[in-house]
Amino acid sequence: MIKILFSLFVLGVFGLVTSSVFAGMVFAGVARFLRSRRRRPARVYLPAVSLLKPLHGAEPELDEHLSTFFEQDYPEYEILFCARDREDQGVQIAREVAQRYPHIPVQFLFVDGPTHVNAKVSSLQRMEAAAAYDLFVISDSDVRVTPGYLRAVVADFADPAVGASTCLYRGIAKQGFWAQLEASGMSVEMTSGVMAASVMEEMRFLLGPTMSMRRECVRGIGGFATLGDYCSDDFLLGREIAGLGYKVVLSGHVIDHIVLNQSFTTSIKHQVRWMKSTRFSRPKGHFGTGLTFSVPFGLLAGAAALALGHPLAGVGLVAYGILNRMLLAGVVAGLVVEDGALLRTMMLYPLRDLMGFFFWAASYTSGTILWRGRVYRLGASGLMQPAGE
């Protein structure tokens, strides 16, 4: 029994070491990101832009979110909305919003005929074909932006070598414990991963809430249709554009990503599904993610130390695991995404770190996901196939 407890103690301490190394990489990435943001030249580059907005249903506060895209401080842009159903309530809301901004050119489009497994891709295809301009900014419907959004995300394309750009985001949850917990993960966990990755390699992925790219890049990878059977369309789109020899860059601009999952069940399902998609999209990196969590290893080492008769060491190890994550949250949420609920995020994130470990473990329990009411089996790079086939 002593040997088992000692082995668990060693495993817990090992995990605390690896999670601390990860935190160090994140801090290095944060320093690099902040330097880059300060040194970014104040470019006045204002090409005409086509803003692509896939829609699916009437989400909470959709009216407010869409309005922010009509209020851009930008000289020439159009907004294209697309849905699968002509009676889609999200499109009806978008029409009402557009009426308040008659000076902004708008197109309302629909997918005619069968859609891809990833129906968002079908909407992107339809909008790409109808877009008037050659620079695309794709933004999800659960995003809220400031008037300087387009100027900021387009500025990097002054460099002709840049083929695509993406934005970090802060999770926003106005109420509900589970929504706030998920928001802390959006602000800290996702951003930490991006910061750590930036230390090791060049950007080769995009983040779904905002993806900007040149039309020639989309056509160079064979069109949006090549993404139609994959769940991680954002990751693959960035990888394929980078594969063409273009730069994929991280904008210094940060946007608001609104958490829509209010209940425990919907939040858990969403996060496990996301973990499964990353497991198949980038399997090696996802496997290593298990060593980046701090709180579960602190609890393991602390419990083992307590059982071995070292209570002070046990308490110290647990406290270290928790403080490690609070510090990480403070640096990332405070300095990078500038979270307006910083104290709350710092207090919640240790629990989110613990839950994140179990979400990660759950991603290995099966190779299927529930997508738009249907079960799919995941394959290489997140390829989705009906589970019955």
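Let me sum up the structure you'll find in this document.

### Quick look at the sheet that holds strand β11 (residues 384-386)
1) Next: Pairing is antiparallel in the open sheet, where three strands are placed in the order β9-β10-β11. Among the strands making up the open sheet, the edge pair consists of β9 (368-371) and β11. Across this sheet, the average inter-strand angle for adjacent strands is 45°, counted without regard to direction.
2) Next: Where strand β10 (residues 374-378) lies against β11, three bridges are found, and the strand directions are antiparallel. Each bridged residue has a counterpart across the sheet, and for Arg-377 the counterpart in β11 is Gln-385.

### Looking at helix α9 (residues 264-281)
1) Next: Compared with an ideal rise of 1.5 Å per residue, which puts 18 residues at 26 Å, α9 spans 26 Å between its outermost C-alpha atoms and is within 8% of the ideal.
2) Next: Taken together, the buried positions of α9 are Ser-267, Ile-268, Gln-271, Val-272, Met-275, Lys-276, Ser-277, Thr-278, Phe-280 and Ser-281.
3) Next: Structurally, α9 contributes buried residues whose contacts are with α6 (177-200), α8 (233-243), α10 (283-289), α13 (342-362), β9 and β10.

### As for the packing of aromatic side chains
1) Next: Following the criterion strictly, the structure yields 13 aromatic pairs and no others.
2) Next: Judged by centre distance (6.2 Å) and plane angle (25°), the rings of Phe-70 and Phe-81 are stacked. Of this pair, Phe-70 sits in helix α2 (residues 62-70) while Phe-81 sits in strand β2 (residues 77-83), and the two are eleven residues apart along the sequence.
3) Next: The exposure class assigned to Phe-70 is buried, which follows from its relative accessible area of 2%.
4) Next: Of the residues examined, Phe-81 reaches a relative accessible area of 1% and is grouped as buried.
5) Next: Relative to Phe-358, the ring of Phe-357 lies with its centre 5.7 Å away and its plane at 80°, an arrangement referred to as edge-to-face.

### Quick look at the packing of α9 against α13
1) Next: Taken N-terminus to C-terminus, the directions of α9 and α13 make an angle of 55°; their axes are 8 Å apart at the nearest point. Overall, the two elements α9 and α13 adopt an arrangement that is oblique. Crossing of α9 over α13 shows right-handed handedness. Facing Ile-268, Gln-271, Val-272, Met-275 and Lys-276 of α9, the residues of α13 in contact are Arg-352, Met-355, Gly-356, Phe-359, Trp-360 and Ala-362.
2) Next: Class assignment of the residues belonging to the contact of α9 with α13 gives a composition of seven nonpolar, two polar and two charged.

Cut-offs applied
Residues numbered from 1 in each chain as written. Predicted model: local features only at pLDDT ≥ 70, side-chain atom pairs only at ≥ 80, totals over all residues. Heavy atoms only, no water. Pairing = 2+ DSSP bridges. Helix = DSSP H or I, 4+ residues; strand = E, 2+ residues; numbered from the N terminus. Axes fitted to C-alpha atoms, helices over the stretch in contact; angles between N-to-C directions. Expected span 1.5 Å × (residues − 1). Buried < 20%, exposed > 50% of the residue type's maximum accessible area, 1.4 Å probe, protein only. Contact = heavy atoms within 4.5 Å. Phe/Tyr/Trp six-rings, centres within 6.5 Å; stacked < 30°, edge-to-face > 60°. Parallel < 35°, antiparallel > 145°, perpendicular 65-115°, else oblique. Left-handed = near helix turned anticlockwise from the far one by under 90°. Nonpolar A, V, L, I, M, F, W, Y, C, P; charged D, E, K, R; others polar.

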